[in-house]
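What the coordinates show
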Amino acid sequence: MTQAFDIIIVGAGMVGAALANGLGQQGITVGLIDKAEPSDFDADASPDIRVSALSAGSERYLQSLGAWRRIQAMRATPYRRLAVWDETPHPLSRLLPGSLTEVEFSAADLGASHLGHIVENSITQNALWQTLQDEPNVTLITGQGLKALSQNAERATITLGDGTELSAQLIVGADGAMSRVRELAGIGVTRDQYEQQAMVMSVRYLGQPEDITWQGFYPSGPRAFLPLHNAGEQHPGETWGSLVWYDSPARLAELKAMDNSTLMAEIHRAFPARLPPLTHLDAKASFPIARQHAKHYFLNRVVLAGDSAHTINPLAGQGVNLGFQDAQCLQGLLKEARRSGDDLAGERWLALYEKQRRPANRRMMLAMDLFYHLFSNAIPPVHLARNLGLGAARALPFARNGVARYAMGLDEELPAVVRQIFSRVPGLNQL
């Protein structure tokens, strides 16, 4: 017998679980499908190697779902400053003092208490799953993958790996960059693979949790530091942190092959001097980087959200924030569709979702692309141009702070001067 829901969401990661909570709280019945359940939180365990910089806008959304207090009950590290600068050595660097080409974004300058929080992905997902336990309109189905998808004029039906059939007015694909829902729905993507990959490392360092996250840019890619929580009584005087090293696949393969003590020495040699003194390397992993955008966000009774619809260069950690913005937008439109008595897969509402989210996601994809191509080289004219650009950003706090407020989710629009620059960049409409 086929089990019926209003909406089925495939993928119960951060974005899918958030959307399920929001829809369930609006009285919409949801079937939430995932292959596995998140592990229980262990306060004494090492941090998850996967972390995200959750913006103030994402925090507000998670608060509205009842998940943010659960995150804080586990652990989340606020950051109040964000700094970027150019580390490429070149004679042209002497034309501008280094202090003039470093840009720092500060919560104090924006009238905010913080810019965001660094949170382990597993904690965000865990908090959302805890919230789901209190939501009677959401049914969690785990341990099964998606086998088939069919659609007709009134319903869509999915078949799970064990043969179970589920039907709904609308299927949401929130199952990641390699989305099975997107594949079965016949929605294509445009994809560009970057030359760089990223290696993420969990470390401990001496001192208390810092309030700044930073990135130094090198020709081979940026090297970034993200502060995490105090290491506790087990490691007095130490704090957990996350490092990200962008480089060629061959270079990262060399680094991953090193033993921890050799890699620690290499990190101290290669990272900016402001890196706190490291005491321990706990875990490391690398992953390829690609820009990917679905050619359509919806087709018939299928709609995409989060990484299923778009993946971007993780330079500024905006991926999950864009996903939460997708979820919040879709949640609001589906609420209006239900209130109007319309089909939840009605083209009017899904087209409005794509109209609102595609340009916003495209702008962020373009911004990350510009950073990538502008900083990942040592060509003298480009080197000078980016340093002049950083200097200009430092000298024009109104534009700089406007960009920061947009990235934090405090403002819905980029500053006018930035929008004008984006409108003149060739290829934006193809992203």
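Keep in mind the model is a prediction, meaning the values are calculated, not measured.

1. A closer look at the environment of lysine 256
Inspection of the secondary structure assignment puts lysine 256 in helix H6 (residues 249–257). When its relative accessible area of 38% is taken as the criterion, lysine 256 is described as partly exposed. Linking lysine 256 and lysine 284, residues 28 residues apart in sequence, is a C-alpha distance of 7.5 Å. Lysine 256 has contacts with Met199, Lys284 and Ser286, leaving out every residue within four places of it along the chain.

2. Topic: the side chain of glutamine 196
Relative to the assigned elements, glutamine 196 resides in strand S14 (residues 189–206). Engagement of the side chain of glutamine 196 in a polar contact is seen with the backbone oxygen of serine 220, the distance being 2.9 Å.

3. What about the confidence of the model for the protein?
The predicted model of the protein averages 86 in pLDDT, with 82% of residues at 70 or higher. Here residues 377–404 is a poorly scored stretch, pLDDT under 50, and it has 56 contacts once near neighbours within four places are set aside; other chains count. Note that pLDDT drops below 50 for residues 427–431; the model gives that stretch nine contacts with residues more than four away or on any other chain.

4. Describing the environment of lysine 355
Of note, lysine 355 is situated in helix H9 (residues 347–375). What makes lysine 355 exposed here is its relative accessible area of 65%. When the C-alpha positions of lysine 355 and tyrosine 297 are compared, they lie 9.4 Å apart, and in sequence the two are 58 residues distant.

5. Concerning the nonpolar core
Formed by 68 residues in total, the largest nonpolar core has its most connected members in Ile7, Ile8, Ile9, Ile158, Ile171 and Val172. For this core, the element with the most residues is helix H8 (residues 319–339), which contributes eight residues. Filtering out sequence-adjacent residues up to four positions away, isoleucine 158 remains in contact with Ile8, Val10, Ile33, Leu146, Ala148, Leu149, Thr164, Glu165, Leu166 and Ile171. One finds Ala53, Ala107, Ile118 and Ala198 within the second-largest nonpolar core, a separate group that totals 23 residues.

6. Comments concerning unusual backbone geometry
One non-glycine residue, asparagine 300, lies in positive phi territory at about 60°. Residue position: asparagine 300 is located in the loop between strand S19 (298–299) and strand S20 (302–304).

7. Thoughts on the packing of aromatic side chains
Overall, the coordinates contain five aromatic pairs when judged by the stated rule. Ring centres of tyrosine 61 and phenylalanine 324 lie 6.2 Å apart, and the angle between their planes is 65°; this geometry places the pair in the edge-to-face category. Of the two residues, tyrosine 61 is situated in helix H2 (residues 56–65) and phenylalanine 324 in helix H8; the sequence distance between them amounts to 263 residues. Each member of the pair, tyrosine 61 together with phenylalanine 324, is buried. Ring geometry for tryptophan 245 versus phenylalanine 271: centroids 5.7 Å apart, planes at 80°, classification edge-to-face. Of this pair, tryptophan 245 sits in strand S17 (residues 238–247) while phenylalanine 271 sits in the loop between helix H7 (260–270) and strand S18 (278–294), placing them 26 residues apart in sequence. The class for tryptophan 245 is buried, based on a relative accessible area of 1%. One aromatic cluster in this structure is built from Tyr205, Trp214 and Phe225. The ring of tryptophan 240 is capped by arginine 204, whose NZ or CZ atom sits 5.2 Å from the centre of that ring. Against the face of tyrosine 218 rests arginine 223, its NZ or CZ located 3.9 Å from the ring centre.

8. A look at the sheet that holds strand S9 (residues 138–142)
The six strands are arranged S9-S3-S2-S13-S20-S19 in an open sheet whose pairing can be described as mixed. With one partner strand each, in any of the chains shown, S9 and S19 form the two edges of the open sheet.

9. Observations regarding the packing of H2 against H8
Between H2 and H8, the shortest axis-to-axis distance is 10 Å and the interhelical angle comes to 50°. With respect to their mutual orientation, H2 and H8 come out oblique. Considering only the axes of H2 and H8, their crossing is left-handed. Taken together, the residues of H8 that come into contact with H2 (itself represented by Ser58, Tyr61, Leu62 and Leu65) are Asn321, Phe324, Ala327, Gln328 and Gln331. In the contact of H2 with H8, the residues fall into five nonpolar, four polar and no charged.

10. Things to note about the packing of helix H1 (residues 14–25) against helix H4 (residues 121–132)
Packed helices, taken two at a time, are described by their axes: the angle between them and the distance between them. Running from amino to carboxyl end, H1 crosses H4 at an angle of 25°, the nearest separation of the two axes being 9 Å. By the angle between their axes, H1 is roughly parallel relative to H4. Relative to H4, H1 is oriented so that their crossing is left-handed. On H4, the residues touching Met14, Ala17, Ala18, Ala20, Asn21 and Gln25 of H1 are Asn121, Thr124, Gln125, Leu128, Trp129, Thr131 and Leu132. Partitioning the contact of H1 with H4 into residue classes produces seven nonpolar, six polar and no charged.

Rules of the game
- Residues numbered from 1 in each chain as written.
- Predicted model: local features only at pLDDT ≥ 70, side-chain atom pairs only at ≥ 80, totals over all residues.
- Heavy atoms only, no water.
- Helix = DSSP H or I, 4+ residues; strand = E, 2+ residues; numbered from the N terminus.
- Buried < 20%, exposed > 50% of the residue type's maximum accessible area, 1.4 Å probe, protein only.
- Contact = heavy atoms within 4.5 Å.
- Polar contact = N/O pair within 3.5 Å; in protein donor to acceptor, adjacent residues only side chain to side chain.
- pLDDT = per-residue confidence, 0-100.
- Core = buried A, V, L, I, M, F, W, Y, C linked by side-chain atoms within 4.5 Å.
- Phe/Tyr/Trp six-rings, centres within 6.5 Å; stacked < 30°, edge-to-face > 60°.
- Lys NZ or Arg CZ within 6 Å of the ring centre and 35° of its normal.
- Pairing = 2+ DSSP bridges.
- Axes fitted to C-alpha atoms, helices over the stretch in contact; angles between N-to-C directions.
- Parallel < 35°, antiparallel > 145°, perpendicular 65-115°, else oblique.
- Left-handed = near helix turned anticlockwise from the far one by under 90°.
- Nonpolar A, V, L, I, M, F, W, Y, C, P; charged D, E, K, R; others polar.

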